[in-house]
Amino acid sequence: MSAAPLLQSLFPNIDDWGEIGQACIDTLLMLGGSLLLTVAIGLPLGVLLYLTGKGQLRAMPKLYAVLSLLVNILRSIPFIILMIVLMPVTYVLVGTKLGIRGAIPPLVIGAAPFFARLVETALREVQRGVIEASQAMGASTWQIVRHVLLPEARGGLIAGTTVTAIALVGYTAMGGAIGAGGLGDLAYRYGYLSYKSDYMLVTVVLLIVLVQLLQMLGDRIVARYTRH
Amino acid sequence: MIRFQAVHKSYRVDGRDVSALQPFHLDIADGEVFGIIGHSGAGKSTLIRLINLLERPSGGRILIDDVDMTALSEDALRQKRQHIGMIFQHFNLLASQTVAQNVAFPLRLAGERNAATIRQRVDELLARVGLTAHADKYPSQLSGGQKQRVGIARALANRPSILLCDEATSALDPQTTASVLDLLAEINRELKLTIVLITHEMDVVRRVCDRVAVLDAGNIVESGSVVDVFLHPQHPTTRRFVNEALPEEAAGEQAPFAHVPGRILRLSFRGDATWTPALGRVARETGVDFNILAGRIDRIKDLPYGQLTLAMQGDRVDDALACLRQAAIEIEEITTPSQENRP
C-alpha cells in the first residue's frame, strides 16, 4: 500500500480506484461485445457490397445502390444522435436503454456500416487476376469468397478491424454521456459535471493506453499474416 | 476437339457495340499445341477466354468434345472448367497460401477432402515441375519462372484435357521462357493434353506449336501448320511476326540486294532436306555459281529447317532450280536484279 499516499496526493478527488477499474472493465466489455457483433454483421455486408458492385462477380446495380445508400445514411448520423434516435429500438432489442447492454445495439448499428465499407475497400484490393484464375478453376462465388477473397484480403481486413475497434472506443466514451457506463461515463459525470479534473485526466490516459494497445495488436497481427 | 462455330464477340462501350472478334470458325485438334499470335488488342485474350467461357460469346457456339459450352448450366460449366487448366502472364497465385496450398486449391475445389490424397497428388505435381524443395514457400519468395511452374502444377492438378496459356511467358526473361516452354512441350508429349496458347512472340510459336492462327484486329487472317506459316507467310501481319523471329531475314528484303548480280532466290529446306548437301551437288552438276546473302538453320518445334537467300548466276540456272525442287527444296524467286538493272 506504499503507492496509496502518492496516488492520494496526485489525484485528491479519486477515492475509489475500484470504480475506475470497473469502468475499464465495462468499456472493454462494451468494446468486445460490440466489435464482435460489428464484424459479424459488417463482414457479410461488406462482402455483399463488394460482390454486387459494378463489374464484380455478382453485379446487381439496384441492390448495390440500396445497400450503399443505407450504409451512407447510417454513417452520416453522428453517433450521439444515432444513440438517442435508436433508443426505442434498443429497448425492444435488449430490454433496456442503459448500461453495457443498452449501449451495444447503437454501437453495432453505428459501426457495422463503417466496417462494411472498409471490408469492401479491402476486398477490392485483391488482384482481379487471382479471382479470374479461381473462376477458371471452376470455383463457385461462395468458394471464391471463402478461399480467395477473405484470405487474400486478410491484412486489409485486420487493419479495418483495428480502425473500427478504435472508432468504437470513441463511441463507447460518447455513450457514457447518456448512461452507457464505462470510462466515458466516469469522465462525464465526475470530470465534467463535478469538476473533478483528475478523473478526467485518468480517464483520458486510460483511453490513450487502450487505443495504443489496440493499434499495436492490430499491426502485429497484420504483419504476421501479410505475405506479399 | 475444341470447335468454334461462327463465334463472335463484341463489347458494349458507352452504349455502342465495339467488335472484339469478327465471326470465325476454328478447330483445335486433341493433343496438339495450338498457338494464337497477335499484337495487343488483336483479341487474343478474348479468344482464349471464350474456351472456358470466362468471356461469353456474343454469338455462335463453342464445342469441346461435342459439348456446347454456351448451353451449360452454371454448375455444369464449373465442373467442366475443373478439367480445363489455365495459366496466366502474371501467374495469379494466392499470395496468402504456400506453394503446396496453391497447388492443392483446385483439388479442394473439386471436392477432394482426404489430406493424404491431396498431399500425394501435390508432391507428384511439384516433382513434375521441379519445385519439390519449395513446397512450403510463399509465392513472394519465388522467381518468376518458379511462380509460373507453380501455376502449371496448379493447372494440371485435376488432370485436365486442355491447358490454356495466357501469355504465359511474356513476363519472363528469355532463358526462363525457354525452360517454361520446354516444360509445356514435355507436358504435351507425356500427358497428351491439348495446349492452346496466346502470345505476341513468334519465337514462342516456333518453339512449341504445331499449328498457329494469326489474329489481326479481331480477324483470323492466317492459320495453318507452323512450318507453312513460318516459311511462307502470306498476310502482312504474319510477315511482320515472322520477321521479328528472323532478324537477318528482316534485313533480307529485296532492297539491299538490288545491286547483287544474278537471280535472287530464297530456298527453304525442311526436315531431312536440311541436312543433305543438295546445293553443292547441284552447283557442281549444272555449273552455276551461287553467293549466299542470308541464311539460317533452326528448328520449328522438332522439325529442322533452313532458309537461304542467295544470288545465282550461270547459263543453267533454270536447270539448277529444277534439280533443287526435285530434292524437295522450296524455292521462291525474290527478284532478278541483274536483268532489271541492265541498261
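Since this is a predicted model, take the numbers as computed values, not measurements.

### Side note on the interface of chain B and chain A
Chain B puts 19 residues into the contact, and the matching count from chain A is 19 residues. Only α2 (74–81), β6 (84–88) and α3 (99–109) of chain B provide two or more residues apiece to the side of chain B that touches chain A. Within the side of chain B that touches chain A, the residues separate by chemical class into nine nonpolar, eight polar and two charged.

### Details of the sheet that holds strand β8 (residues 194–199) of chain B
All names here are of chain B. Taken together, the six strands give an open sheet; going across it, the order is β6-β7-β8-β3-β9-β10, and neighbouring strands pair in mixed fashion. Sheet topology places β6 and β10 (219–225) at the edges, where each strand pairs with a single neighbour. Taking each pair of neighbouring strands and ignoring which way they run, the sheet shows an average axis angle of 15°.

### A closer look at the environment of Ile158(A)
Residue and element names in this part refer to chain A. Position of Ile158 among the secondary structure elements: in helix α9 (residues 154–175). Under the C-beta neighbour-count criterion, Ile158 is labelled buried, with 21 such atoms within 10 Å. Separated by 64 residues in the primary sequence, Ile158 and Val222 place their C-alpha atoms 6.2 Å from one another. If we skip the residues at most four places from it in the chain, Ile158 touches Gly218, Ile221, Val222 and Tyr225.

### Some details on the confidence of the model for chain B
Residue and element names in this part refer to chain B. Per-residue pLDDT for chain B averages 90, and the proportion of residues at 70 or more is 94%. Here residues 337–343 is a poorly scored stretch, pLDDT under 50, and it has seven contacts once near neighbours within four places are set aside; other chains count. Taken together, the chains of this predicted complex give a pTM of 0.86 and an interface ipTM of 0.84.

### Observations regarding helix α5 (residues 144–156) of chain B
Residue and element names in this part refer to chain B. For α5, spanning 13 residues, the distance from its first C-alpha to its last is 18 Å, which sits close to the expected 18 Å at 1.5 Å a residue. Most of α5 sits out of view: ten of its 13 residues are buried. Residues of α5 that are buried in the fold lie against β6, α3, α4 (115–128), β7 (162–166) and α6 (174–191).

About the cut-offs
- Residue indices follow the written sequence of each chain, beginning from 1 at its first position.
- To read the labels, note that chains go from A and ligands from 1, taken in the order they are written.
- Totals for whole chains, interfaces and linings use every residue, but because this is a predicted model, local features are given only for residues with pLDDT of at least 70 and side-chain atom pairs only at 80 or more, for both listing and counting.
- Here the contact rule is simple: place C-beta atoms from the backbone, and any two residues whose C-beta atoms are within 7 Å are in contact.
- Numbered from the N terminus, helices here are DSSP runs of H or I no shorter than four residues, and strands are runs of E no shorter than two.
- Note on residue categories: nonpolar means Ala, Val, Leu, Ile, Met, Phe, Trp, Tyr, Cys or Pro, charged means Asp, Glu, Lys or Arg, and polar means any other residue, Gly included.
- Here, strands pair whenever DSSP counts at least two bridges between them.
- Between the N-to-C directions of two axes lies an angle of 0 to 180 degrees, each axis being a line fitted to C-alpha atoms and, for a helix, fitted only over the stretch in contact.
- With C-beta atoms placed from the backbone, a residue is labelled by how many other C-beta atoms lie within 10 Å of its own: buried for 20 or more, exposed for 12 or fewer, partly exposed between the two.
- The quantity called pLDDT is the predictor's confidence in a given residue, expressed from 0 to 100.
- Between the first and last residue of a helix there are one fewer steps than residues, each counted as 1.5 Å, and that sum is the expected span.

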